[in-house]
Amino acid sequence: MNKSKFKLYKHYPKVINKDEEGGIHEEYSNIGQKFKAEIWPASGKLQVAMYGLRLAYMMNMITDHLLNIKEGDGIGVENSQKADYKVVSKKKYTKHIVYELEKII
């Protein structure tokens, strides 16, 4: 991992809310916790096979930070007030964690 490529991002935990009619919907917390990570576009044969046309909206993220980021949580750039990407998968390795992110449209 090249630490010089790491930038600040924000983690927005997923929150499950009920409306007046009892419907359940997912949102992201309004408060983001800052952390450092490297994000780059998804590519390669495996990711093309997995995501197909959605690949244009996919990113990879690597971090060594021990935040409790879960699948379904939101990630935003440092200056944003809301999540820009949704965590699709989380892969733990010995010294780092790799996440796959999908752009929120």
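The paragraphs below set out a description of the structure included in this document. If you're wondering where the values come from, they're calculated on a predicted model, not measured in any experiment. (Residues numbered from 1 in each chain as written. Predicted model: local features only at pLDDT ≥ 70, side-chain atom pairs only at ≥ 80, totals over all residues. Heavy atoms only, no water.)

## Section: the sheet that holds strand β5 (residues 58-63)
Inference 1: If you trace the six strands once around the closed barrel, you get β1-β4-β5-β8-β7-β6, paired in antiparallel fashion. Direction aside, the axes of adjacent strands within the sheet are offset by 45° on average.
Inference 2: Pairing geometry for β5 and strand β8 (residues 97-103), over six bridges, is antiparallel. Within the sheet, the bridge partner assigned to Met58 lies in β8 and is Glu102. (Pairing = 2+ DSSP bridges. Helix = DSSP H or I, 4+ residues; strand = E, 2+ residues; numbered from the N terminus. Axes fitted to C-alpha atoms, helices over the stretch in contact; angles between N-to-C directions.)

## Observations concerning the side chain of Asn60
Inference 1: With respect to the secondary-structure elements, Asn60 resides in strand β5.
Inference 2: Overall, Asn60 belongs to the buried group, its relative accessible area being 7%.
Inference 3: There is a polar contact of 2.8 Å between the side chain of Asn60 and the side chain of Gln47.
Inference 4: What Asn60 contacts, discounting residues up to four positions off in sequence, is Glu38, Ile39, Trp40, Pro41, Ala42, Ser43, Gln47, Tyr99 and Glu100. (Buried < 20%, exposed > 50% of the residue type's maximum accessible area, 1.4 Å probe, protein only. Polar contact = N/O pair within 3.5 Å; in protein donor to acceptor, adjacent residues only side chain to side chain. Contact = heavy atoms within 4.5 Å.)

## Considering the packing of aromatic side chains
Ring pairs (aromatic) are described by centroid distance and by the angle formed between their planes.
Inference 1: Evaluated as defined, the whole model comprises one aromatic pair.
Inference 2: Here the aromatic rings of Tyr9 and Phe35 are separated by 6.5 Å at their centres, their planes lie at 45°, and the arrangement is tilted. Taken together, the positions of Tyr9 in strand β1 (residues 7-12) and Phe35 in strand β4 (residues 33-41) put the pair 26 residues apart, joining distant regions of the chain. In terms of burial, Tyr9 and Phe35 fall into one category: buried.
Inference 3: Its guanidinium or amino end placed over the ring of Tyr85, Lys103 lies 5.2 Å from that ring's centre, counting from NZ or CZ. (Phe/Tyr/Trp six-rings, centres within 6.5 Å; stacked < 30°, edge-to-face > 60°. Lys NZ or Arg CZ within 6 Å of the ring centre and 35° of its normal.)

## A short note on the pairing of strand β7 (residues 85-92)
Inference 1: Bridge count between strand β6 (residues 74-77) and β7: two bridges; the pairing is antiparallel. Of the residues in β7, the one forming a bridge with Gly74 is Lys86.
Inference 2: Pairing of β7 with β8, which is carried by seven bridges, proceeds in the antiparallel orientation. Pairing of Lys91 across the sheet is with Val98, part of β8.

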